[in-house]
Amino acid sequence: ALKDNTVIVVLGASGDLAKKKTYPALFGLYRMGFLPRDVKIVGYARTKMDDAEYHKRITSYLKVADDDAEGKANIEQFKAFSSYVSGGYEDAPSFENLNKVLEDIESKYQSKERNRLFYLALPPSVFIPVAQHLRQQVYSKDGKNRIIVEKPFGKDLESCRVLLGSLKQHWTEDETFRIDHYLGKEMVKNILVLRFANIAMGAAWDKNSISNVQVTFKEPFGTEGRGGYFDEFGIIRDILQNHLLQVLSIIAMERPVSFSAEDIRDEKVKVLRAIPPIERSDTLLGQYVAANGKPGYLDDDTVPPNSVCPTYAATTLWIHNPRWEGVPFILKAGKALNEAKVEVRIQFKDVTQGIFKDISRNELVIRIQPSEAVYLKLNTKTPGLNTRAIPTEMDLTYKRRFTDAKIPEAYEALILDALRGDHSNFVRDDELDVAWKIFTPILHWIDGKNGPAPRPVPYPYGSRGPKELESFIGKYGYKRTVPD
Ligand code: BG6
């Protein structure tokens, strides 16, 4: 456990993010012994409720197996250091009251140090007033103050700059932790190790050996009830511009001088700056329609009729630097597809023709979820009295290799980093800026800002995506493995 005294304030304690991610992650950290000694968790939201009601709620957020007596005891302990304060998001007296509650909690601390971590699990409409009031009324004078915020960080370059600018008036970069929860995922963190701790990987990591790179996100469910939010943002803002671009930047960046947050983020920004805005012709957009007994996107009551919002997108990015010139990086993501899967697929070039014909390409696949794995497709001689080569796999599936390992949830890893003050896995302001530069022109086109909005092509709920996908990726040189 960390030695510091810390009060963790969860703002938006009765919302969806707090329920699905923040509280379960805090509880997970507690169970693993990673919360600071003497930690206190204070929930804050508009809903009026007493501690008993609040405890009932957070208990419903935390999952333990029926026969897990220890887990149940842990829930009781967790409740004992969790309390609730209700108040508005835009008025000073509410925050003065919150501050009093925190001071009261801290007055029982033995040490003078009073650290506060503010987790904003809030809709963007109240980010700024809350950040301002926290700074003005709830800022600890005797310790570290840290604020965690999460997307959406605006809708395009300009609105992002406005939002960041307002937050910066109150909170320094050092105090701010911008979450992209993909950076907390075990396999995303593993990319740095795979690349830079293995000389065999490093040697083949460029345009001389690699033909194309794909980063793919697939989800088997639609917007179900989240259509209001989703329709305003679309799949590119929801997944590509942040989660997938972050993964791309770690795959493509140069070796950082050290593992420090600034060295890593300097390299990420540098490679992103070498990517020009995405071209329309490098984009494929889709929207799911009813199939297999499941409703189409437009059948969702929370979605405006005739919406042309894409629920699927594939885009190809080009990196203009000596390592990657000419190598397409294809980012693709979709809702309501045939499976849940997130992976990076690096396809190597053909071997020189001559002794082998129709031989498969090598591929390195990093499966981020589900079932974390790294596997390399290799051609091997068919065992026996012949010289035929067949495609096989060198397979590092975590479940088999690390049988006892518990892979942390992304939010557990990130909250712990924030408590420790480590920014490595958080998004720096200039990273966001350059990410928006890459995507803003295409988003304005999709939003119909400079003419008629493009129509996404339909794809059936539960399918692999638009049928146009095959030829789209083929255009960038992707070749399927030759079947045995
Ligand atoms: C969120 C998106 O950022 O990521 C959601 O807003 C998406 O639409 C989610 O479902 C996916 O996260 P994960 O961790 O389940 O892959």
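Residues numbered from 1 in each chain as written. Predicted model: local features only at pLDDT ≥ 70, side-chain atom pairs only at ≥ 80, totals over all residues. Heavy atoms only, no water.

A description of the overall build of the protein should follow, citing residues and the corresponding values.
Helix and strand counts for the protein stand at 14 helices and 15 strands. Taking 2.2 N^0.38 as the reference for a compact globule, 484 residues should give roughly 23 Å; the C-alpha atoms of the protein span a radius of gyration of 24 Å, in line with that estimate. With the principal axes as the frame, the protein shows a C-alpha extent of 80 × 55 × 45 Å. A total of 484 residues make up the protein; the buried ones form 54% of that total. Contacts in the protein between residues far apart in sequence, at least 24 positions, make up 77% of those at least 6 positions apart. Of the charged side chains in the protein, 68 are positive and 65 negative; the average position of the first set lies 3 Å away from that of the second. (Helix = DSSP H or I, 4+ residues; strand = E, 2+ residues; numbered from the N terminus. Rg over C-alpha atoms; globule rule 2.2 N^0.38 Å. Buried < 20%, exposed > 50% of the residue type's maximum accessible area, 1.4 Å probe, protein only. Contact = heavy atoms within 4.5 Å. Lys, Arg positive; Asp, Glu negative; His and termini not counted. Charge placed at Lys NZ, Arg CZ, Asp CG, Glu CD.)

Could you give me a rundown of the layout of surface pockets, with the residues and numbers involved?
Taken as a whole, the second largest pocket holds about 420 Å³ of empty space. Forming the walls of the second largest pocket are 23 residues, and the residues nearest its centre are K218, K332, R464, L469 and R480. Elements with a contribution of two residues or more to the lining of the second largest pocket: β7 (210-218), β10 (328-334), β11 (341-348) and α14 (469-475). (1 Å grid on protein atoms, 1.4 Å probe; cavity = no way out; pocket = protein on both sides within 12 Å on 5 of 7 lines; lining within 4 Å. Points joined across faces, edges and corners; volume = space filled by probe spheres on them.)

Tell me about the packing of aromatic side chains, and name the residues and values.
Here the structure, examined in full by the defined rule, presents 22 aromatic pairs. Centre to centre, the rings of Y398 and F402 are 4.9 Å apart; their planes meet at 70°, and the pair counts as edge-to-face. Across the ring face of Y139, the terminal group of R135 is positioned such that the distance to the ring centre comes to 3.6 Å. Seen from the ring of F233, K155 lies directly overhead, with NZ or CZ sitting 5.5 Å from the centre. (Phe/Tyr/Trp six-rings, centres within 6.5 Å; stacked < 30°, edge-to-face > 60°. Lys NZ or Arg CZ within 6 Å of the ring centre and 35° of its normal.)

Report on the environment of L26, specifying residues and quantitative values.
Relative to the elements of secondary structure, L26 occurs in helix α1 (residues 16-31). Classification of L26 as buried rests on a relative accessible area of 1%. Once you skip the residues sitting within four places of it in the chain, L26 turns out to touch I8, V10, L35, I41, F78 and I415.

Explain the sheet that holds strand β15 (residues 457-460) residue by residue, including any values.
Pairing is mixed in the open sheet, where nine strands are placed in the order β14-β13-β12-β11-β7-β10-β9-β8-β15. Among the strands making up the open sheet, the edge pair consists of β14 (389-397) and β15. Geometrically, the sheet is characterised by an average inter-axis angle of 20° between neighbouring strands, direction not taken into account. Of the pairings in the sheet, the one linking β11 to strand β12 (residues 363-369) comprises six bridges and is antiparallel in character. Paired with V342 across the bridge in β12 is Q369. Contacting β12 and β13 (373-381), helix α7 (residues 186-196) runs over the sheet at an angle of about 145° to β12. (Pairing = 2+ DSSP bridges. Axes fitted to C-alpha atoms, helices over the stretch in contact; angles between N-to-C directions.)

Account for the pairing of strand β3 (residues 82-86), naming residues and giving values.
Note on strand geometry: in a regular strand, side chains alternate between the two faces of the sheet. By the criterion of burial, β3 is predominantly enclosed, with four of the five residues buried. Here strand β2 (residues 40-45) runs beside β3; their pairing, made up of five bridges, is parallel. What sits directly across from Y44, in β3, is V85.

Help me get a handle on the site of the ligand, residues and values and all.
Every residue lining the ligand is accounted for by K151, H181, Y182, K185, F217, E219, R226, Y229, D238, H243, K335 and Q369. Contacts to the ligand include H181, whose side-chain N or O atom sits 2.7 Å from an oxygen atom. With respect to the ligand, the side chain of E219 contributes an N or O atom lying 2.5 Å from an oxygen atom. When isolated, the ligand has an accessible area of 400 Å², and the protein chains bury 80% of it. Each residue belonging to the shell around the ligand can be placed in one class, and the counts come to three nonpolar, three polar and six charged. (Near = heavy atom within 4 Å. Polar contact = N/O pair within 3.5 Å; in protein donor to acceptor, adjacent residues only side chain to side chain. Areas by Shrake-Rupley, 256 points an atom, 1.4 Å probe, with all protein chains shown as cover. Nonpolar A, V, L, I, M, F, W, Y, C, P; charged D, E, K, R; others polar.)

Please set out the UniProt feature "domain: Glucose-6-phosphate dehydrogenase NAD-binding" (unreviewed entry) in the protein residue by residue, giving values where relevant.
Here the UniProt-annotated "domain: Glucose-6-phosphate dehydrogenase NAD-binding" (unreviewed entry) positions come out as residues 9-190. Secondary structure over residues 9-190 splits into 45% helix and 16% strand, and the C-alpha atoms at its two ends are 30 Å apart. (UniProt positions renumbered as here; feature names shortened; annotations may be inferred.)

Account for unusual backbone geometry, with residues named and values stated.
Across the junction of K151 and P152, the peptide omega takes the value 5°, indicating a cis bond. Mapped onto the fold, P152 is located in the loop between β5 (145-150) and α6 (157-168). The residue N306 is not glycine, and still its phi comes out positive at about 65°. Note on N306: relative accessible area 64%, which makes it exposed.

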